[in-house]
Amino acid sequence: MRGRNYRELPVWQKAMQVTEDTYNIVKTLPKEEMFALSDQMKRAVVSIPSNIAEGNARGTNKEAVHFLYVAQGSRAELETQLELCRRIGYITERDLQYMPAQTQEIGCMLAGLIRTLTSKV
């Protein structure tokens, strides 16, 4: 991971797509959620590719792994917020489309990178 341009990492690319998709979902939320749930969702989703990039730029594998774990936490946070939106009726199952599969795939990709870098520490 380190030494390679983060923009070339498939996990970063997928995280950027999920970020775009999340912003489109947030646009559909009720106005009363503008500064609550929607803001929280935007912060969580932006954190995923941002922490992948930051981890890639760090000097050691140990530091990189730390930021990948932060990205993993933000991914789980986003999944929870999307599920909450579905449960309270802000979005439908159809609105979500493929988001759960995409976030789970990002989780698997992050876990793989963490395993790889941890074995090299």
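Now for a description of the structure that goes with this document. Bear in mind that the values here come from a model prediction, so they are computed numbers and not experimental data.

Calculation notes
- Residues numbered from 1 in each chain as written.
- Predicted model: local features only at pLDDT ≥ 70, side-chain atom pairs only at ≥ 80, totals over all residues.
- Heavy atoms only, no water.
- Helix = DSSP H or I, 4+ residues; strand = E, 2+ residues; numbered from the N terminus.
- Contact = heavy atoms within 4.5 Å.
- Axes fitted to C-alpha atoms, helices over the stretch in contact; angles between N-to-C directions.
- Parallel < 35°, antiparallel > 145°, perpendicular 65-115°, else oblique.
- Left-handed = near helix turned anticlockwise from the far one by under 90°.
- Nonpolar A, V, L, I, M, F, W, Y, C, P; charged D, E, K, R; others polar.
- Buried < 20%, exposed > 50% of the residue type's maximum accessible area, 1.4 Å probe, protein only.
- Polar contact = N/O pair within 3.5 Å; in protein donor to acceptor, adjacent residues only side chain to side chain.
- Expected span 1.5 Å × (residues − 1).

## A short note on the environment of Ser38
Tracing the backbone through its elements, the reader meets Ser38 in helix H2 (residues 37-57). On a C-alpha basis, the gap between Ser38 and Thr92 in space is 16 Å, while along the polypeptide they are 54 residues apart. In contact with Ser38, other than residues within four places in its own chain, are Val26, Leu29 and Glu33.

## Here we look at the packing of helix H3 (residues 61-87) against helix H5 (residues 99-119)
Two numbers describe how H3 lies on H5: the axes approach to 10 Å, and their chain directions differ by 165°. In terms of axis orientation, H3 runs roughly antiparallel to H5. Like other packed secondary-structure pairs, H3 and H5 cross with a definite hand, here left-handed. Together, Asn61, Ala64, Val65, Leu68, Tyr69, Ala71, Gln72, Arg75, Leu78, Glu79 and Leu82 of H3 and Met99, Pro100, Thr103, Gln104, Ile106, Gly107, Leu110, Ala111, Leu113, Ile114, Leu117 and Thr118 of H5 make up the contact between the two elements. Tallied by class, the residues present in the contact of H3 with H5 amount to 15 nonpolar, six polar and two charged.

## Digging into the side chain of Asn51
As for its placement among the helices and strands, Asn51 is situated in helix H2. By relative accessible area, Asn51 is classed as buried at 9%. Reaching out from Asn51, the side chain makes a polar contact with the side chain of Ser47 at a distance of 2.8 Å.

## A short note on helix H1 (residues 10-26)
Look at H1: 24 Å from first C-alpha to last across 17 residues, which is about the 24 Å you get at 1.5 Å a residue. Within the sequence span of H1, burial applies to Val11, Trp12, Lys14, Ala15, Val18, Thr19, Asp21, Thr22, Ile25 and Val26. Packed against the buried residues of H1 are H2, H3, helix H4 (93-96) and H5.

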